[in-house]
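Observations on chain architecture
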Amino acid sequence: DAGVIQSPRHEVTEMGQEVTLRCKPISGHDYLFWYRQTMMRGLELLIYFNNNVPIDDSGMPEDRFSAKMPNASFSTLKIQPSEPRDSAVYFCASSSLGTSGTDTQYFGPGTRLTVL
Amino acid sequence: AQKVTQAQTEISVVEKEDVTLDCVYETRDTTYYLFWYKQPPSGELVFLIRRNSFDEQNEISGRYSWNFQKSTSSFNFTITASQVVDSAVYFCALSEASRDDKIIFGKGTRLHILP
């Protein structure tokens, strides 16, 4: 069974450019999460979806960040325009609804973003 | 406030030694979940364990064991007979049912197992 798939694995771009990160959750999972990991701030939840609907985007740092989930098997995180301080590893995770709350989150391999 | 504290930023032990990673959490919820994840040098986050607040039984999985104590709000992780492959950053995390099960991660403990 395939895990969470993220692409690209590495992205290097210049300041001001648009960046799109992609995620395919585990089949059958109805929750999808986007996280950002930096040395300074650790792992931060940016946004999460339930059944393709954004539930909480309070972690999205600025209007430059947007996320979509057009269907159950695909989500994007877009940064426009990108800035050097956006450099980080971005993780996508998915989970299913357990008998008591959401179940364990399984993470993708991450996308390492470098904005020059 | 929801909070996970991993006071040990970095630990180094010699291979075959036992090592315990500490995790202390804060919550006002009675229903919550605790997790441990491993992040090896390759960067991925690997799920290790999930424990709900109503199950205080300790758990053992091979060389790994977890000690959950609600009285001290701790969920410590012990690796017995450590191996070089155990070298990684280990994250403790908490989610609360009242907060839509959003996971809050601790800052992590970087574990070095020296050959």
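Numbers given to residues run from 1 along each chain, matching the order in which its sequence is written. Starting at A for chains and at 1 for ligands, labels are handed out in the order in which the entities are written. Per-residue local features are limited, in this predicted model, to residues with pLDDT of at least 70; the limit for side-chain atom pairs, both in listing and counting, is 80 or more; totals at the level of whole chains, interfaces and linings are taken over all residues. Think of the side-chain values as coming from all heavy atoms in the structure, minus any hydrogens and water.

1. Overview of the side chain of Thr78(B)
Residue and element names in this part refer to chain B. Stated precisely, the cut-off is as follows: Helix and strand definitions here come from DSSP, where helices need a minimum of 4 consecutive H or I residues and strands a minimum of 2 consecutive E residues; each element is numbered from the N-terminal end. Only protein chains enter the accessibility calculation, which uses a 1.4 Å probe; a residue is then buried when its area is under 20% of its type maximum, exposed when over 50%, and partly exposed in between. Any pair of nitrogen or oxygen atoms within 3.5 Å is treated as a polar contact; in protein, a donor-acceptor pairing is required on top of that, and neighbouring residues in sequence qualify only through side-chain atoms on both sides. The contact rule is simple, with two residues in contact once any of their heavy atoms fall within 4.5 Å.
By the secondary structure assignment, Thr78 is in strand β9 (residues 74-79). A relative accessible area of 19% places Thr78 in the buried class. Within the local environment of Thr78, its side chain forms a polar contact with the side chain of Thr20, the two groups lying 2.8 Å apart. Apart from residues no more than four positions distant in its own chain, Thr78 is found in contact with Val19, Thr20, Arg63, Tyr64 and Ser65.

2. A look at the interface of chain A and chain B
You'll often see interface size given as the accessible area lost when the parts meet. Applicable threshold: Take the accessible area each of two parts loses on contact, using a 1.4 Å probe, and add the two losses: that sum is the buried area. Put simply, a salt bridge is a Lys or Arg side-chain nitrogen that is within 4 Å of an Asp or Glu carboxyl oxygen. Classes in brief: Ala, Val, Leu, Ile, Met, Phe, Trp, Tyr, Cys and Pro nonpolar; Asp, Glu, Lys and Arg charged; the others, Gly included, polar.
Each side of the interface is counted separately: chain A has 20 residues, and chain B has 16 residues. Taken over both partners, the interface formed by chain A and chain B buries close to 1,600 Å², and the fraction arising from carbon and sulfur atoms is 51%. Our count for the contact surface shared by chain A and chain B stands at 0 salt bridges. Our enumeration of links across chain A and chain B arrives at 3 residue pairs in polar contact (both at pLDDT 80 or more). Only β4 (31-38), β5 (42-50), β11 (101-102) and β12 (106-107) of chain A provide two or more residues apiece to the side of chain A that touches chain B. Looking at the side of chain A that touches chain B, the element that brings in the most residues is β5(A), giving 4 residues. Split into classes, the residues belonging to the side of chain A that touches chain B amount to 9 nonpolar, 8 polar and 3 charged.

3. Comments concerning the state of the cysteines
Let me state the cut-off plainly: For this text, the term disulfide refers to a pair of cysteine sulfurs within 2.5 Å.
For the structure on display, the rule yields 2 disulfides over all chains. The residue that forms a disulfide with Cys23(A) is Cys92(A), at a sulfur-sulfur distance of 1.8 Å. Judged by the torsion about the S-S bond (-65 degrees), the Cys23(A)/Cys92(A) disulfide is left-handed. You can see Cys23(A) sitting in strand β3 (residues 19-24) and its partner Cys92(A) sitting in strand β9 (residues 88-95), a full 69 residues away along the chain. Of the two residues examined, Cys23(A) and Cys92(A), each falls in the buried class. The residue that forms a disulfide with Cys23(B) is Cys92(B), at a sulfur-sulfur distance of 1.9 Å. Residues Cys23(B) and Cys92(B) share a disulfide whose torsion about the S-S bond is about -65 degrees; that sign makes it left-handed. Separated by 69 residues along the polypeptide, Cys23(B) in the loop between β3 (19-21) and β4 (24-26) and Cys92(B) in strand β10 (residues 88-96) bring together distant segments of the chain. For Cys23(B), a relative accessible area of 0% puts it in the buried group. The class for Cys92(B) is buried, based on a relative accessible area of 0%.

4. Some details on the pattern of salt bridges
Residues and elements named next belong to chain A. Under the definition given, this model contains 11 salt bridges over all chains. Arg36 serves as the salt-bridge partner of Glu44, at 3.4 Å between the closest nitrogen and oxygen. Residue Glu62 pairs with Arg64 through a salt bridge whose shortest N-O separation is 2.9 Å. Residue classification places Glu62 among the partly exposed residues on the basis of a relative accessible area of 27%. By relative accessible area, Arg64 is classed as buried at 10%. Overlapping salt bridges, with partners in common, bring together Glu62, Arg64, Glu83, Arg85 and Asp86 in one network.

5. Examining the nonpolar core
Residue and element names in this part refer to chain B. Heads up, the condition is: Joining through side-chain atoms within 4.5 Å is the link that ties buried Ala, Val, Leu, Ile, Met, Phe, Trp, Tyr and Cys residues into a set, and such a set is a nonpolar core.
Ranked by internal contacts, the top residues of the largest apolar core, which has 23 residues, are Trp36, Phe77 and Tyr90. Residue assignment for this core shows that the elements contributing at least two residues are β2 (10-14), β3, β5 (32-39), β8 (64-69), β9, β10 and β12 (109-114). In terms of residues, this core owes the most to one element, β10, which gives 4 residues.

6. Concerning the sheet that holds strand β7 (residues 65-71) of chain A
All names here are of chain A. We apply this condition: When DSSP finds two or more bridges between a pair of strands, those strands are recorded as paired. Orientation is described by lines fitted to C-alpha atoms, with helices fitted over the stretch in contact, and by angles between N-to-C directions that extend from 0 to 180 degrees.
Here we have 4 strands laid out as an open sheet, ordered β1-β3-β8-β7, and antiparallel in their pairing. Both outer strands of the open sheet, β1 (5-7) and β7, are each paired with one neighbouring strand and no more. Shown here is a sheet whose adjacent strand axes are inclined to one another by a mean of 15 degrees, direction ignored. Note: β1 against β3, 3 bridges, orientation antiparallel. Bridge pairing in β3 places Gln6 opposite Cys23.

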